[in-house]
Amino acid sequence: MLDTHGRAAVQPIISKTADYLLKLGLSANQVTYIAFFIGIIASVLVYFGQPIAGVAVLWLSGFLDAVDGSMARKSKSSSSWGTVLDVTFDRVVEAGIIVALALRHPEPKILLLFLLLAVSIIFTMTIFLTVGALSEKESYKSFYYQPGLAERTEGFILFTLLVLFQNHLVLWTTIFIGVEITTGIQRLLEAGRILKS
């Protein structure tokens, strides 16, 4: 939701950063790798009990994840391989945060919630990727990105709440699961409209 409706507000910062990194000689794919490794560092920091640093590094990773796409478009180097790297690394970074929290909180109730969260993300992303591959709707990205209640920014906000407020993991994980399932249903309904027409 925030990505769809708020992108214009942050695009100037993303665009200037993309220009700067291109001038440094970096490619979009190189920045994708950098964002990925920074995202993994975020998980390590969370695991070792550094939640504030972990969240800061996670958001830096997310920012660079937005910048790499802008770099690809500016340099006319968008590629299917870049898209595969981008989408795959995004999921690995998210999984890393869940794993780090699960290792810190191995109580059965919490682990079950993390498992359900992972399943809800898989449910939502399966619809998202399938519709993106099958839809002929145009997008400024490499394939159609379905809007929904939970997009990348909302996911980062919810991960931030999980990491910073670990005393309330049951609450925030339950909310996260609900948001993911709602998003999945939204996208499934939109898929029905798009692909049947």
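Preceding this paragraph is the structure being described.
This is a predicted model, so every value here is computed, not measured.

Q: Would you mind going over the overall build of the protein in detail, with residue names and values included?
A: A tally of regular secondary structure across the protein gives 7 helices and 0 strands. Put simply, the protein runs from its N terminus to its C terminus through helices and strands in the order α-α-α-α-α-α-α. Here the C-alpha atoms of the protein give a radius of gyration of 17 Å, agreeing with the 16 Å that 2.2 N^0.38 yields for 197 residues. Along the first, second and third principal axes, the C-alpha set of the protein runs to 50 × 45 × 30 Å. Counting only residues that meet the buried cut, the protein has 44% of its 197 residues in that class. Counting only contacts in the protein whose residues sit at least 6 apart along the sequence, the fraction spanning at least 24 positions is 79%. Entry remark: accessible area of the protein is about 10500 Å², with carbon and sulfur atoms responsible for 71%. Charged side chains of the protein number 15 positive and 14 negative; the gap between the two group centres comes to 3 Å.

Q: Explain the packing of aromatic side chains to me, using residue names and the numbers behind them.
A: Counted according to the given criterion, the structure contains 6 aromatic pairs. Relative to Phe 48, the ring of Tyr 47 has its centre 4.9 Å away and its plane inclined at 75°; by these criteria the two rings are edge-to-face. Here Tyr 47 falls in the partly exposed class, since its relative accessible area comes to 37%. Seen from their ring centres, Phe 159 and Phe 176 are 4.9 Å apart, and the 75° between their planes marks the pair as edge-to-face. Here Phe 159, found in helix 6 (residues 152-164), pairs with Phe 176, found in helix 7 (residues 169-196); they are 17 residues apart in sequence, far enough to count as distant. Among the aromatic residues, ring-to-ring pairing joins Tyr 33, Phe 36, Phe 37 and Phe 89 into one connected group.

Q: A description of unusual backbone geometry should follow, citing residues and the corresponding values.
A: One non-glycine residue, Lys 76, lies in positive phi territory at about 55°. By the secondary structure assignment, Lys 76 is in the loop between helix 3 (51-74) and helix 4 (80-104). Since its relative accessible area comes to 76%, Lys 76 is described here as exposed.

Q: With reference to specific residues and values, describe the pattern of salt bridges.
A: According to the stated counting rule, one finds 5 salt bridges in the structure shown. A salt bridge links Lys 74 to Asp 19, with the nearest nitrogen and oxygen atoms 3.1 Å apart. One end of the pair, Lys 74, is in helix 3; the other, Asp 19, is in helix 1 (residues 2-23), and 55 residues separate them in sequence. By relative accessible area, Lys 74 is classed as partly exposed at 36%. Residue class for Asp 19 comes out partly exposed when judged on its relative accessible area of 31%. A salt bridge links Asp 65 to Arg 152; the shortest N-O distance between them is 3.4 Å. Taken as a pair, Asp 65 in helix 3 and Arg 152 in helix 6 lie far apart in primary sequence, 87 residues in all. What makes Arg 152 buried here is its relative accessible area of 18%. Linked through salt bridges whose partners overlap, the residues forming this network are Asp 65, Asp 90, Arg 91, Glu 94 and Arg 152.

Q: Account for the nonpolar core, with residues named and values stated.
A: By size, the foremost hydrophobic cluster in this structure holds 31 residues, and its most contacted members are Leu 58, Ile 97, Leu 101, Phe 114, Leu 117, Phe 159 and Leu 162. At the level of elements, helix 2 (28-47), helix 3, helix 4, helix 5 (108-134), helix 6 and helix 7 are the ones that each hand at least two residues to this core. Here this core takes 8 residues from helix 4, the largest share from any one element. Residues contacting Leu 162, with those up to four places away along its chain left out, are Leu 101, Leu 117, Leu 169, Trp 172, Thr 173 and Phe 176.

The rules behind these values
- Residues numbered from 1 in each chain as written.
- Predicted model: local features only at pLDDT ≥ 70, side-chain atom pairs only at ≥ 80, totals over all residues.
- Heavy atoms only, no water.
- Helix = DSSP H or I, 4+ residues; strand = E, 2+ residues; numbered from the N terminus.
- Rg over C-alpha atoms; globule rule 2.2 N^0.38 Å.
- Buried < 20%, exposed > 50% of the residue type's maximum accessible area, 1.4 Å probe, protein only.
- Contact = heavy atoms within 4.5 Å.
- Areas by Shrake-Rupley, 256 points an atom, 1.4 Å probe, with all protein chains shown as cover.
- Lys, Arg positive; Asp, Glu negative; His and termini not counted.
- Charge placed at Lys NZ, Arg CZ, Asp CG, Glu CD.
- Phe/Tyr/Trp six-rings, centres within 6.5 Å; stacked < 30°, edge-to-face > 60°.
- Salt bridge = Lys/Arg side-chain N within 4 Å of Asp/Glu carboxyl O.
- Core = buried A, V, L, I, M, F, W, Y, C linked by side-chain atoms within 4.5 Å.

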